[in-house]
Amino acid sequence: SQTIHQWPATLVQPVGSPLSLECTVEGTSNPNLYWYRQAAGRGLQLLFYSVGIGQISSEVPQNLSASRPQDRQFILSSKKLLLSDSGFYLCAWSPDRDGYTFGSGTRLTVV
Amino acid sequence: GENVEQHPSTLSVQEGDSAVIKCTYSDSASNYFPWYKQELGKGPQLIIDIRSNVGEKKDQRIAVTLNKTAKHFSLHITETQPEDSAVYFCAASLNAGNMLTFGGGTRLMVKP
């Protein structure tokens, strides 16, 4: 069966520090992968999506970048975090006959 | 591109009452409409979906209806329970494997 792993679950980072969030999918090949962000009490903002290794599309120009070094690995990065980068980060994958499957999320607090 | 509007943004009901959340979409080519439930601090989870060849689908206390002519679909929760309290998102896409466009979410509060 397919599973998605996302870590860490929580992260507190100082302003100006780097960031690396990782997402991996098991039990499938060539998935479409997505990074979303949720500000507190808000909706799902699509940040990046990838249809294959090395193929990244950015939806929102900002302080973040994404990479897909392997078929089932998706990484969200930043060289220097801003306070406004705080939020709940979600990884998701498709195709799945039932739409997206989301990871458990990473709560990032930039202090 | 597709645009999905969701209403209301917050909904408070008494335990045992019904709750209805409505979404409209703009792209008549959309054929897949899932609903996700997000509990506090967790990732959204699929609770029910409907495809355009079906007008209604039920799963125990939840049901989804789709009106393709009017381009709207709704989530119905009957006999609400406190554990139904969560944020609910609707979404639309061309097919189940395609990129989803999400509504803005509805915070449902079920008061015991």
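Residues numbered from 1 in each chain as written. Chains lettered and ligands numbered in written order. Predicted model: local features only at pLDDT ≥ 70, side-chain atom pairs only at ≥ 80, totals over all residues. Heavy atoms only, no water.

A. Structural detail: the overall build of chain A. In terms of regular secondary structure, chain A is built from zero helices and eleven strands. Along chain A, from the amino end to the carboxyl end, the secondary structure elements read β-β-β-β-β-β-β-β-β-β-β. Its C-alpha atoms give chain A principal-axis dimensions of about 40 × 25 × 20 Å. Counting across all 111 residues of chain A, residues that qualify as buried make up 48%. Considering only residue pairs separated by 6 or more positions, chain A has 54% of its internal contacts joining residues 24 or more positions apart. (Helix = DSSP H or I, 4+ residues; strand = E, 2+ residues; numbered from the N terminus. Buried < 20%, exposed > 50% of the residue type's maximum accessible area, 1.4 Å probe, protein only. Contact = heavy atoms within 4.5 Å.)

B. Layout of the pairing of strand β3 (residues 19-26) of chain A. Residue and element names in this part refer to chain A. Within β3, six of the eight residues are buried, which leaves the element mostly enclosed by the surrounding structure. Sheet analysis places strand β1 (residues 3-7) next to β3, joined by five bridges and oriented antiparallel. Within β3, the residue paired with His5 across the bridge is Thr24. Note: β3 against strand β8 (residues 73-78), six bridges, orientation antiparallel. Note that in β8 the partner of Leu21 across the bridge is Leu76. (Pairing = 2+ DSSP bridges.)

C. Representation of the nonpolar core within the structure. In this structure, Trp35(B), Phe73(B) and Leu108(B) are the most contacted members of the largest nonpolar core, which totals 23 residues. If you look at the next biggest cluster of nonpolar residues, it comprises 19 residues, including Trp35(A), Leu64(A), Leu81(A) and Trp93(A). (Core = buried A, V, L, I, M, F, W, Y, C linked by side-chain atoms within 4.5 Å.)

D. Molecular detail of the pairing of strand β6 (residues 55-58) of chain A. All names here are of chain A. With three bridges joining them, strand β5 (residues 45-52) and β6 adopt antiparallel strand pairing. Pairing of Tyr49 across the sheet is with Ser57, part of β6. Two successive antiparallel strands, β5 and β6, enclose a turn made up of two residues, where Gly54 displays a positive phi of approximately 75°.

E. Spotlight on the sheet that holds β1(A). Residue and element names in this part refer to chain A. The sheet built from four strands is open, its strands ordered β1-β3-β8-β7 with antiparallel pairing. Because the sheet does not close on itself, it has two edges, and the strands there are β1 and β7 (65-70). On average, adjacent strands in this sheet sit at an angle of 20° to one another, irrespective of strand direction. (Axes fitted to C-alpha atoms, helices over the stretch in contact; angles between N-to-C directions.)

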